[in-house]
Amino acid sequence: MTHPILEPLVAQLPDKATSRKLIELGGDYVSISNQLASESKWCGHPNTMDGESRTGILNLQQNGYQEWLKDAEEEDFVRMVGVLQLLYDTCLALKEDQEEED
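Residues numbered from 1 in each chain as written. Predicted model: local features only at pLDDT ≥ 70, side-chain atom pairs only at ≥ 80, totals over all residues. Heavy atoms only, no water.

Novice: Quick question: what am I supposed to make of the side chain of N63 here?
Specialist: When you line up the elements, N63 lands in the loop between α4 (56-62) and α5 (66-71). Classification of N63 by relative accessible area gives buried; the value is 13%. Setting aside residues up to four positions removed in sequence, N63 forms contacts with K16, A17, T18, Q35, E39 and W42. (Helix = DSSP H or I, 4+ residues; strand = E, 2+ residues; numbered from the N terminus. Buried < 20%, exposed > 50% of the residue type's maximum accessible area, 1.4 Å probe, protein only. Contact = heavy atoms within 4.5 Å.)

Novice: Before we go on, may I ask you to explain the pattern of salt bridges in this structure?
Specialist: Side chains carrying opposite charge are able to pair once their charged atoms draw close together. In this structure the tally under the stated criterion is six salt bridges. Between R20 and E24 there is a salt bridge; the shortest N-O distance is 2.8 Å. Here R20 and its partner E24 are both found in helix α2 (residues 18-24), four residues apart, which amounts to about one turn of the helix. The class of R20 is buried, set by a relative accessible area of 12%. In this structure E24 comes out as partly exposed when scored by relative accessible area, which is 35%. Where K95 meets E99, a salt bridge forms, and the shortest distance between an N and an O atom there is 2.8 Å. Of this pair, K95 and E99 both sit in helix α6 (residues 74-101), four residues apart, which is roughly one turn of that helix. Using a relative accessible area of 21% as the deciding quantity, one classes K95 as partly exposed. (Salt bridge = Lys/Arg side-chain N within 4 Å of Asp/Glu carboxyl O.)

Everything listed here is a matter of coordinates, which is why it stays silent on function.
In structure tokens:
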């Protein structure tokens, strides 16, 4: 179940995005944060190669962004980085709250 504070942000991610699936399935915040950081990096540098000789675009395609990439323009990448960063920051805050409760 998606935390209510995350719902409006998650709705802005592609339906098949790995991070969205993790959030909707109630994954742990560490895994979610790591995935969000990766997706943000790929969106921020879509043409840069990683250590495995894959571009950000290829990584995005492999993580559920295929349909989104078909129509994405430069400003869409900037906007998506912002959404991913907001989700990342919120997940970290929720993780901290969860740790304080335990």
